[in-house]
Structures are given as structure tokens and as C-alpha cells.
Amino acid sequence: MVRSVWIILTTLVAATLAQSAGPQSQSPTQADDEIARIVGYSMTRGGALAFLETLTDTIGGRITGTPGDRAAAELILKTLKDAGIDSAHLEEYDLTSTWNHGPATGQVVSPVTRALIIGSYGWVPGTSGPIEVPVVDFGPIGSDRDPIPARVRGAAVIVDLRSGGSSSAYVGARAIIARRLAEAGASAMFIVSDKPDRMVYTSAFGFYPRAPLPVISIASDDAAFLRRLLARGDVKIRLDVQNSFSGPGKERNVVADIQGSDPSEMVLLCAHFDDWDPAQGANDNGAGVAAVLEAARIFKLLRIQPKHTIRFVFFSGEEELSNGSRAYVSQHKNELEKIRAVFNVDSGAHPPVGFAIHGRQDMEAISKTLLKPLAPLGADKVFLDADFDSDQETFIVAGLPIYSLRVEPGDYDSRHHTIIDTFERVDPRMLAIHTAVMAVAGYSFANAEQRPGRRLSPSEVQELLKRTGLQQLYELEYSSEKPN
């Protein structure tokens, strides 16, 4: 039955590709046939879903620098090797700090006694044992120049930090206000969770390698409760956050090649495998890892050799500061000029609509042409918006042509970095489509007659960052570093 479905699907895709090519291409080309086979296997083999189940159920939480993340790297490596991809290997890099995620509890002790639903952000310190502190409502964040009121000293401070649809700007504001509160002597920073149903949130962007004070996600209902109490008088809470730091550490990326007939150039297909441990990291970003890994296996299984090499890179450390992709760029700096394009997937298994090219207007026209094979999958649109929301930031800063998969968001934001990012909630059909999209994109760009764009110079990168509104976040995250 599966074979029959595959034959039908392959025929339909081949016919669609031939029709979309216009009246001059009535007979499928070799490329049409290979794309149809790639799509057919992606949709019917079930390899991505099977791998994702193993990753999430046997390993689960994969915080950077922990045994879980190490186990994930080993699993990816073994799976690639078992598929006959002998080039697969680990590439180790240094972590400035490693972090131990301990339990976090909170309780109102005055004027009433009530437990609070809280969770710790990543790479933030714990409290010095259980502490009892007053609560202060800071409210919305104003200008960076607004003075911090003296009443925050020694207090747990409730802060409204809503992303407003721009998470890159959000993480910058989050890091800045944490630093300012710490300088003013606050004991802890409460960020009101925007997740539904009393869910809390975790993240580390802007806090790695160490936040200046405990930063806590508090359920929105519990924050509202505290504010009602504050409207009637003083409030005191007990906090016990048992995080700790273990000093420098090591992490690994996994890299594998499907070598092209002309290996002088390459296309990268990328995803990060680290996650947060309240759940399984199934959508963020187990799904992306599964799609990219299955794409590599399908190329090997079908014995498809592209013109130029397709490299599959699985990063660790994305959740902290894109550490894995930064390490990759540093370790492969002599190969960067060989890269035709980088495709990154970190969007969850939702309906794909196309790729963002992060402000690279020079790439827009040719990208629309090169992505045409993805039209039958609904993923051929090109978006100019730019962000630092994932490992694409590293390649933007390096000046390379970078493509980030865009999807219909669905309920991604509700599940993102929460306790319900689990295997059960990943759509198997969408995961199969993502596999096809990433594989076809890699194939098309590796076989294209020309590159989609050149590598930008450092000064051009700086101009791009200014034009796309990313300059301030770049300065925050990269400090004195300059684009490579």
C-alpha cells in the first residue's frame, strides 16, 4: 500500500513540476524526476517522525552542556553513520559557562499564604537558599534612560516585557532591564509569562554566559494575583531558586556531507538540537533536526549526487547565544567563501510558506526563481524581514546568503519553550513536508547555475544591520566583535 501511494504521489509531483515549467518542458527532466523522488520518499517513508520519537522519548531535555545534549549529538551521529553517511562527525567547541537547572519555587507569605507558579530562565543564578523579599510592581518598561526607583532594592520586581511581535528587540530589552535592576540592588526579576493556562516560559538569549540576578517567569494569573494584593498593601514572598554554574565546558556540533560532483562549493542545511527541559523540545527544535537529518538519509538512500556538496549541520547551543553556529563559522572560516547558501529551520512543524532572506534585497529576484520547485509544496515565497531569532543571526553577521524557513505560526508561540512542547503535538504530515522542503531547497540551490548572492563585506553587514533594525541587538550580543 505504501509503495502504491508513493508511486501515485511521485507521479503527481512530477506532473506538477512539468506543468509549472511551461509549454517548453512537457517531459520531466532528470532534476524533475529526482525532486519528485525526494518528495515522495519524504512524504511516505516516515523517517523524520520515527527519529523525532526516539529523540524526544529516549533523551527528552537537551540543555546545552548537559548529558542530554551530549546524548542527542551521539544519536544524530549514529543515525547518520547507520545510513551510510561516512563523512558524519562531531566538531567540539568551548562553552564559556555551563549551567545546572535546579528547581524553582515561590510562595506568598504575607498578607496571605499561597503557592506561585514560577520557572527559572536559563543561565541565571539561583537565590542564596530560600529568601523572603517584598514584591514591587515595576510595570511596563520605559526608556533605557528612565531612572530605576529606589524601592526595587532587595525586592522581587514584576516587569511587563511583552515581545510585541519582535522577539529580537524583546530579548535585547530583557537583558538590558535585568542588568539595570541588578545594578539597582533588586533580588529577583519576575517576567510575566504571556503563555496561556498558567504556563511559564524559559529562555537564555541575552543572559548567557551569566545573568546578573535571578530572572523568573511567573504565570500571568499569578502575577495578576500579586498585583491585586499590592493594590491593598505590602506583599512578601518566599523564593527558592536552586540554579548553579559549573564553569567552562565543551559542546559539539554534528556535521555530515553529501558530496557533490563539483565539491568546490556547498549548500548548508541546518537545525539546532539543544532545547529546554520542562518538556521534550519536540517542536523547538526536534522537528527541524528530524527534517534535516531525514533529508540527508533520503539523498543517501536514493543515491542522488548534487552538482555541489550539500552539508548537513546540527548545532548545539542555539538557545543561549547561537553558540554552535558561531563556533562553526569560526572553525570553518577558510570555507565560508565556498558557501552558496545556508538554509536554517527552527520554526516548528507548521505549514511552510517560504523563506526569509533577512533584508538581502540583492537576492530577492533570483531567490524567487530558485525556489520555484517548492511551489507545489506551498513554500516558494520570499520574505525580506530580518531577525536574530535563531542561528541565522550568525550567518547574517558573517555576510552569507541565509534562508530561514517561514511557516504559518499556528499555536507555535503558545508551546514555545514550555511544558507542552511534546512529541504528541507535532503534526506528522507537516514534519514530512518540512523534510521535503529542506531537501528540495538544498538540491535546487546545489544544482543551480549561479549563486543566489555574494558574501557581504564587514561594512556591508553593518549597513544591513542598521537598515533592518538589528544594530542594537548586534551590539548587545556581539559586544566588541566585528563581522568576520
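The preceding data block contains the structure.
Report follows, based on the coordinates. For clarity, every value in this text was computed on a predicted model and none was experimentally measured. (Residues numbered from 1 in each chain as written. Predicted model: local features only at pLDDT ≥ 70, side-chain atom pairs only at ≥ 80, totals over all residues. Heavy atoms only, no water.)

## Quick word on the sheet that holds strand β10 (residues 236-241)
Strand pairing within a sheet occurs via backbone hydrogen bonds; the two strands may be parallel or antiparallel. Read across the sheet, eight strands follow the order β4-β3-β10-β6-β7-β8-β9-β5 without closing on themselves; strand pairing throughout is mixed. Looking at strand neighbours, the two that pair on one side only are β4 (114-116) and β5 (118-120), the edges of this open sheet. On average, each strand axis in the sheet is tilted by 35 degrees relative to the strand beside it, whichever way the strands run. (Pairing = 2+ DSSP bridges. Helix = DSSP H or I, 4+ residues; strand = E, 2+ residues; numbered from the N terminus. Axes fitted to C-alpha atoms, helices over the stretch in contact; angles between N-to-C directions.)

## Quick look at the packing of helix α2 (residues 30-44) against helix α13 (residues 428-447)
Between α2 and α13, whose axes approach to 8 Å, the crossing angle comes to 155 degrees. The angle between α2 and α13 falls in the class roughly antiparallel. When you trace α2 past α13, the crossing you get is right-handed. Together, Q30, A31, E34, I35, I38, V39, S42 and M43 of α2 and A432, I433, T435, A436, A439, V440, Y443 and S444 of α13 make up the contact between the two elements. Classifying every residue of the contact of α2 with α13 by side-chain character gives 11 nonpolar, four polar and one charged. (Parallel < 35°, antiparallel > 145°, perpendicular 65-115°, else oblique. Left-handed = near helix turned anticlockwise from the far one by under 90°. Contact = heavy atoms within 4.5 Å. Nonpolar A, V, L, I, M, F, W, Y, C, P; charged D, E, K, R; others polar.)

## Remarks on helix α4 (residues 67-82)
Between its terminal C-alpha atoms α4 stretches 22 Å, which fits the 22 Å expected from 16 residues at 1.5 Å a residue. Every buried residue of α4 is accounted for by G68, D69, A72, A73, L75, I76, L77, T79 and L80. Each element contacted by the buried residues of α4 is listed here: α3 (47-59), β1 (89-95), β12 (249-258), α7 (282-302) and β14 (309-315). In the segment just after α4, G84 is the residue with positive phi, at about 90 degrees. (Expected span 1.5 Å × (residues − 1). Buried < 20%, exposed > 50% of the residue type's maximum accessible area, 1.4 Å probe, protein only.)

## What to know about the nonpolar core
Formed by 70 residues in total, the largest nonpolar core has its most connected members in L80, F312, F314, F343 and F355. Dropping the residues within four chain positions of it, F312 is found in contact with V254, V255, A256, I258, L269, V292, A295, A296 and F299. One finds V136, V329, I396 and L470 within the second-largest nonpolar core, a separate group that totals 51 residues. (Core = buried A, V, L, I, M, F, W, Y, C linked by side-chain atoms within 4.5 Å.)

## A look at the sheet that holds strand β13 (residues 266-272)
Sheet architecture is open: eight strands sit in the order β1-β12-β14-β13-β15-β18-β16-β17, paired in mixed fashion. In the strand order of this sheet, the two ends are held by β1 and β17 (381-383), each with one partner. Across the sheet, the mean angle from the axis of one strand to that of its neighbour is 25 degrees, orientation sign disregarded. For β13 and β14, the ladder comprises seven bridges, and the chain directions are parallel. Opposite V267, over in β14, you have I310 as the bridge partner. Lying on the sheet, α4 is in contact with β1, β12 and β14; it crosses β12 at an angle near 15 degrees.

## With respect to the packing of aromatic side chains
Enumeration over the complete set of coordinates arrives at 15 aromatic pairs. Where F315 meets F395, the ring centres are 6.2 Å apart and the plane angle is 40 degrees; that geometry is what we call tilted. Of the two residues, F315 sits in strand β14 while F395 sits in helix α11 (residues 392-397), which places them 80 residues apart along the sequence. Note on F395: relative accessible area 1%, which makes it buried. Where Y403 meets F445, the ring centres are 5.1 Å apart and the plane angle is 70 degrees; that geometry is what we call edge-to-face. Of this pair, Y403 sits in strand β18 (residues 402-407) while F445 is found in helix α13, placing the two residues 42 residues apart along the sequence. On the basis of relative accessibility, which here comes to 0%, the residue Y403 falls in the buried class. Using a relative accessible area of 1% as the deciding quantity, one classes F445 as buried. A connected cluster of aromatic rings, assembled from ring pairs, spans W99, W123, Y208 and W276. Note that R326 overlies the ring of Y478, its terminal NZ or CZ placed 3.8 Å from the centroid. (Phe/Tyr/Trp six-rings, centres within 6.5 Å; stacked < 30°, edge-to-face > 60°. Lys NZ or Arg CZ within 6 Å of the ring centre and 35° of its normal.)

## Quick notes on the pattern of salt bridges
Going through the model one piece at a time under the given rule, you end up with 24 salt bridges. A salt bridge links E294 to R45, with the nearest nitrogen and oxygen atoms 2.7 Å apart. Highlighted residues: E294 in helix α7 and R45 in the loop between α2 and α3, separated in sequence by 249 residues. Residue classification places E294 among the buried positions, given a relative accessible area of 1%. (Salt bridge = Lys/Arg side-chain N within 4 Å of Asp/Glu carboxyl O.)

## A look at the environment of V200
Summarising the element assignment, V200 is placed in the loop between β8 (188-192) and β9 (215-218). Considered as a pair, V200 and Y121 are 79 residues apart in the sequence and their alpha carbons are 9.6 Å apart.

## What to know about the environment of D387
Relative to the helices and strands, D387 resides in the loop between β17 and α11. Owing to a relative accessible area of 10%, D387 belongs among the buried residues under this scheme. Residues D387 and R70 lie 317 residues apart in sequence; the distance between their C-alpha atoms is 28 Å. Within the structure, D387 has its side chain in polar contact with the side chain of R406 (distance 2.7 Å). (Polar contact = N/O pair within 3.5 Å; in protein donor to acceptor, adjacent residues only side chain to side chain.)

## Examining the side chain of H358
Mapped onto the fold, H358 is located in the loop between β16 (352-356) and α10 (364-370). When near neighbours in sequence (up to four residues on either side) are disregarded, H358 contacts F383, L384, D385, A386, D387, Q392, I396, I402, S404, R406, L464 and T468.

## Quick look at the environment of I310
Position of I310 among the secondary structure elements: in strand β14. Accessibility expressed as a relative area gives 0% for I310, which makes it buried. In this structure the C-alpha to C-alpha distance between I310 and F299, which are 11 residues apart in sequence, comes to 9.6 Å. When near neighbours in sequence (up to four residues on either side) are disregarded, I310 contacts A256, D257, I258, V267, L269, F299, G442, Y443 and A446.

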